[in-house]
Number of protein chains: 2
Amino acid sequence: MSQVRGPRGAEAIHAAVLDLLAADGYAALTVEGVARRSGVNKTTLYRWWPSKPALVAATFRHAIARELPVPDTGTLRGDLAALLRSKTAFFADGPGRLAADVLAHTGADAELARLADELLGQHRTHVAEVTGRARARGELTGPVDDTLLADLLLGPVWLRAVVTHRPLPPADADALVDTLLAGLPAHRAQSPGRPAPRRS
Amino acid sequence: MSQVRGPRGAEAIHAAVLDLLAADGYAALTVEGVARRSGVNKTTLYRWWPSKPALVAATFRHAIARELPVPDTGTLRGDLAALLRSKTAFFADGPGRLAADVLAHTGADAELARLADELLGQHRTHVAEVTGRARARGELTGPVDDTLLADLLLGPVWLRAVVTHRPLPPADADALVDTLLAGLPAHRAQSPGRPAPRRS
């Protein structure tokens, strides 16, 4: 599921994109520059990727497929914790850090927002694969919105690694997975009828 | 708890910051420009806020305190759902949209990352207030990491509203809160001993 289609020389193309992003950032990146650096004909690049964001998205998809294998530990808890740790590590440096830097500049840019949405979609397929196996094991039998679960997993990772630059500590990663699996500890639902204390 | 200290003329200062952010963005904003537009002496501004990010952070704190009252519905579920909906709405337009635009450009900027961390801290105090009342009602008796819970709430809101520009639908907000309170539906923990299916 994580196979990446592309022309011959795809490795050189993606390496060139990452090199140029690391050197000058997303704004300065051009398809022409990637063609020069990779030695792949510009028309070939455009045949596969009609635009700069499409090319950059393909490079990040390629990096994610290569660096973020979907874990298969035999339990949902193990798989979710492994996903969380690997994604936290992914954003820390290398291609993941470059992706974070690009996606930390989406701002009002609709093209970058689509790129972010596409990469988030790839992350969601990883979560869906993990929950699918949990269902096959009978470990998960209720209705679960895989998209929501994926966002619950990646959201805190994102806030810490990308927005505040304070990556999620491993202990928090485990606590996060426990909360997603079992809910808040010792929570007793309560009827809204009971009067709430006034705010001071 | 949401009181905001500031000099006389604080309202005019924060309004000027928001106007200038809306007009020209964060990069173009200067303390001098805020002084000119608000009619407040530049030295007064610097006495209260030693830097541009400190001033912008104060403006966003002020907006959050004014536009995001901490809900008190009488139940933890009601409060978390109300927090989630109000924060989703906050990022949709007005000062919240401006804050999202600024924080969607943190990139490698350590100053902006600190600003983001400070505003995230304000959000976390809202969640802590809500869980504190739930404890006082006996609705929550187990150990809960309020910081983690806050990030679990805001993470998906952030990914949707700020990164991918696809705000969280209200139905997803309710499902998200249910997951946080009760965990994944019909999840049965399983021992890692059981062999996992090979990946195809």
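Keep in mind the model is a prediction, meaning the values are calculated, not measured.

Novice: Sorry if this is basic, but what is going on with the overall build of chain A here?
Specialist: When helices and strands are tallied, chain A shows 9 helices and 0 strands. Residues counted as buried form 55% of the 200 residues belonging to chain A. Here the analysis covers contacts within chain A between residues at least 6 apart in sequence; of these, 66% occur between residues at least 24 apart. Total accessible area computed for chain A in this model is approximately 8600 Å², and 54% of it derives from carbon and sulfur atoms.

Novice: Could you clarify how one ought to interpret the interface of chain B and chain A in this entry?
Specialist: The figure often quoted for interface size is the accessible area lost as the parts come together. Taken together, the contacts link 67 residues of chain B with 68 residues of chain A. At the surface where chain B touches chain A, the tally comes to 4 salt bridges. Of the charged contacts in the structure, one is a salt bridge between D151 of chain B and R160 of chain A, with a shortest N-O distance of 2.4 Å. Contributing elements (two or more residues each) for the side of chain B that touches chain A: α6 (94–103), α7 (110–136), α8 (146–163) and α9 (170–182) of chain B. Element by element, the count of residues in the side of chain B that touches chain A is highest for α8 of chain B, at 13 residues. Within the side of chain B that touches chain A, the residues separate by chemical class into 31 nonpolar, 17 polar and 19 charged.

Novice: Can you help me understand the UniProt feature "domain: HTH tetR-type" (unreviewed entry) in chain A in this one?
Specialist: UniProt tags residues 7–67 of chain A as "domain: HTH tetR-type" (unreviewed entry). Overall, residues 7–67 of chain A shows 75% helix and 0% strand. The separation of its end C-alpha atoms is 20 Å.

Novice: What exactly am I supposed to notice about the packing of helix α4 (residues 52–67) of chain B against α7 of chain B here?
Specialist: Each pair of packed helices gets described by two things: the angle between the helix axes and the distance between those axes. All names here are of chain B. Relative orientation of the contacting elements α4 and α7 amounts to 25 degrees, with a least axis distance of 10 Å. It follows that α4 is roughly parallel to α7 by the angle criterion. Seen along the crossing, α4 lies across α7 with a hand that is right-handed. Residue-level inspection shows P53, V56, A57, F60, R61, I64 and A65 of α4 in contact with α7, the latter providing E111, L115, E118, L119, Q122 and H126. Here the residues of the contact of α4 with α7 sort into 8 nonpolar, 2 polar and 3 charged.

Novice: Would you explain the environment of L18 of chain B in this entry?
Specialist: Residues and elements named next belong to chain B. With respect to the element layout, L18 can be found in helix α1 (residues 10–24). Looking at L18, the relative accessible area reads 15%, which means it is buried. For the pair formed by L18 and L98, sequence separation is 80 residues and the distance between their alpha carbons is 7.5 Å. Sequence-distant contacts of L18, defined by excluding residues within four places in its chain, comprise T59, F60, P95 and L98.

Novice: Honestly, the relation of the copies chain B and chain A in this entry has me stumped. Any pointers?
Specialist: Least-squares fitting of chain B to chain A yields an RMSD of 0.0 Å, with the superposition described by an axial translation of 0.0 Å and a rotation of 180 degrees. Interpreted geometrically, this transformation is the action of a two-fold axis.

Novice: It is not clear to me how the nonpolar core should be interpreted in this structure. Could you clarify?
Specialist: The tendency in soluble globular proteins is for nonpolar side chains to be buried as a group. In terms of nonpolar packing, the biggest core is built from 128 residues, with F60 of chain A together with F60 of chain B touching the most fellow members. Each residue touching F60 of chain A, except ones within four places of it in the same chain, is listed here: L18, L21, P95, L98, A99, V102, L115 and L119 of chain A.

Novice: Please clarify how the packing of aromatic side chains should be interpreted in this entry.
Specialist: Where two aromatic rings form a pair, the distance of their centres and the angle of their planes describe that pair. Residue and element names in this part refer to chain B. The tally for this structure, following the rule as stated, stands at 6 aromatic pairs over all chains. Taking the centre distance of 5.4 Å and the plane angle of 90 degrees together, the rings of F91 and W158 count as edge-to-face. Taken as a pair, F91 in helix α5 (residues 76–92) and W158 in helix α8 lie far apart in primary sequence, 67 residues in all. One exposure class covers both F91 and W158, and it is buried.

Novice: How should helix α9 (residues 170–182) of chain A be read in this particular structure?
Specialist: Given 3.6 residues per turn, any residue in an α-helix points the same way as the ones three and four places further on. Between its first and last C-alpha, α9 of chain A extends 18 Å over 13 residues, near the 18 Å set by a 1.5 Å rise per residue. On its buried face, α9 of chain A sits against α5 (76–92) and α8 (146–163) of chain A together with α8 and α9 of chain B. Phi turns positive, to about 85 degrees, at G183 of chain A, one or two residues after α9 of chain A.

Novice: Please clarify how the side chain of R124 of chain B should be interpreted in this entry.
Specialist: Within the secondary structure, R124 of chain B sits in helix α7. Taking relative accessible area as the criterion, R124 of chain B reaches 15% and is therefore assigned buried. Dropping the residues within four chain positions of it, R124 of chain B is found in contact with R160 of chain A together with D117, T147, A150 and D151 of chain B.

Novice: Would you mind going over the pattern of salt bridges with me for this structure?
Specialist: Where charged atoms of side chains with opposite charge meet at close range, the side chains can pair. Residue and element names in this part refer to chain A. Considering all chains together, one arrives at 30 salt bridges over all chains under this definition. The salt bridge partner of E129 is R133, with a shortest N-O separation of 3.3 Å. Taken as a pair, E129 and R133 lie in helix α7 (residues 110–136) at a separation of 4 residues, close to a single helical turn. Both residues of the pair, E129 and R133, belong to the buried class. Each of D72, D79, E129 and R133 takes part in one network of salt bridges that share partners.

Novice: Sorry if this is basic, but what is going on with the side chain of T131 of chain B here?
Specialist: Residue and element names in this part refer to chain B. Inspection of the secondary structure puts T131 in helix α7. Residue classification places T131 among the buried residues on the basis of a relative accessible area of 0%. Apart from residues no more than four positions distant in its own chain, T131 is found in contact with L76, L140, D146 and L149.

Analysis parameters
- Residues numbered from 1 in each chain as written.
- Chains lettered and ligands numbered in written order.
- Predicted model: local features only at pLDDT ≥ 70, side-chain atom pairs only at ≥ 80, totals over all residues.
- Heavy atoms only, no water.
- Helix = DSSP H or I, 4+ residues; strand = E, 2+ residues; numbered from the N terminus.
- Buried < 20%, exposed > 50% of the residue type's maximum accessible area, 1.4 Å probe, protein only.
- Contact = heavy atoms within 4.5 Å.
- Areas by Shrake-Rupley, 256 points an atom, 1.4 Å probe, with all protein chains shown as cover.
- Salt bridge = Lys/Arg side-chain N within 4 Å of Asp/Glu carboxyl O.
- Nonpolar A, V, L, I, M, F, W, Y, C, P; charged D, E, K, R; others polar.
- UniProt positions renumbered as here; feature names shortened; annotations may be inferred.
- Axes fitted to C-alpha atoms, helices over the stretch in contact; angles between N-to-C directions.
- Parallel < 35°, antiparallel > 145°, perpendicular 65-115°, else oblique.
- Left-handed = near helix turned anticlockwise from the far one by under 90°.
- Least-squares fit on C-alpha atoms with pLDDT ≥ 70 in both.
- Core = buried A, V, L, I, M, F, W, Y, C linked by side-chain atoms within 4.5 Å.
- Phe/Tyr/Trp six-rings, centres within 6.5 Å; stacked < 30°, edge-to-face > 60°.
- Expected span 1.5 Å × (residues − 1).

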